[in-house]
Amino acid sequence: MKITFEDKEYTIKFGYKATVKSGIIKKLAKAESDKENEDGFESIEGILLILPELLVIGLQVHHSDEFGYDIDTNEGYQEKVDKAYDLLDKWFENKEHSLIDIFNDIENELLNDSFLSSLFQSAKAEEQKKTKKTTTKKN
């Protein structure tokens, strides 16, 4: 997937190591589960929180020179996530860009890879089981 931020084109591709070690699949599954079980504002907040992380992880394959961090230790990770927040701030200044559209595009890139797709579906099912148990206990 290609996306342009401030006249610079970036290629987003989720590599195996960065994706697995980041725990992003579990976070995304939780965000998806929350999106189905929470009101609109909580769902939007979840998307806002995970979007910069998705972006950083998706930029590791082709743009580690600019967004790279030590995948094994996470050293430099928060700095790159903060940089992604800044990039997204500027991107959203253009009123034509939609939070939901960029989130869906990046999420679709993650889910189109068959390896990642099967992991995500498993994590999402597990998260939904946890949510149902919690909801059932509350009632």
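I will try to describe carefully the structure that is included in this document. Predicted, not measured: the structure shown is a model, and the values here were computed from it.

### Some points on the environment of Trp91
Tracing the backbone through its elements, the reader meets Trp91 in helix H5 (residues 77-93). A sequence separation of 87 residues divides Trp91 from Thr4, and the C-alpha atoms of the two residues are 8.8 Å apart. Within polar-contact distance, the side chain of Trp91 engages the backbone oxygen of Thr4 at 3.2 Å.

### Quick word on H5
If you check H5, its first and last C-alpha atoms are 25 Å apart, about what 17 residues at 1.5 Å a residue would give, namely 24 Å. Listing the buried residues of H5 in full gives Tyr77, Lys80, Val81, Ala84, Leu87, Leu88 and Trp91. Axial view of H5: buried residues confined to an arc of 115 degrees, hence all on one face. Relative to its buried face, H5 has exposed residues pointing more than 90 degrees away, namely Glu79, Asp89 and Glu93.

### Concerning the side chain of Gln60
In this fold, Gln60 is placed in helix H4 (residues 60-67). Of note is the side chain of Gln60, whose polar atom sits 2.9 Å from the backbone oxygen of Val56. A distance of 2.7 Å separates a polar atom in the side chain of Gln60 from the backbone oxygen of Phe67. Setting aside its immediate chain neighbours within four residues, Gln60 contacts Ala18, Phe67, Gly68 and Tyr69.

The rules we used
Every chain is numbered on its own, with residues counted from 1 as its sequence reads. Residues qualify for local features only when their pLDDT is at least 70, as the model is predicted, and side-chain atom pairs are given and counted only at 80 or more; totals for whole chains, interfaces and linings, by contrast, use all residues. Hydrogens are left out, water is left out, and the side-chain values use all remaining heavy atoms of the structure. Here a strand is any run of E in DSSP of at least two residues, a helix any run of H or I of at least four, and the numbering for each starts at the N terminus. In the analysis that follows, any N or O atom pair within 3.5 Å is treated as a polar contact, provided that within protein one partner can donate a hydrogen and the other can accept it, and provided that, for residues neighboring in sequence, both atoms belong to side chains. Here a helix's expected span is defined as the number of its residues, less one, multiplied by 1.5 Å. Using a 1.4 Å probe on the protein chains alone, a residue whose accessible area is under 20% of its type maximum counts as buried, one over 50% counts as exposed, and one in between counts as partly exposed. Each C-beta atom gives one direction from the helix axis, and the arc is the one those directions make. Contacts are assigned to residue pairs that have any heavy atoms within 4.5 Å of one another.

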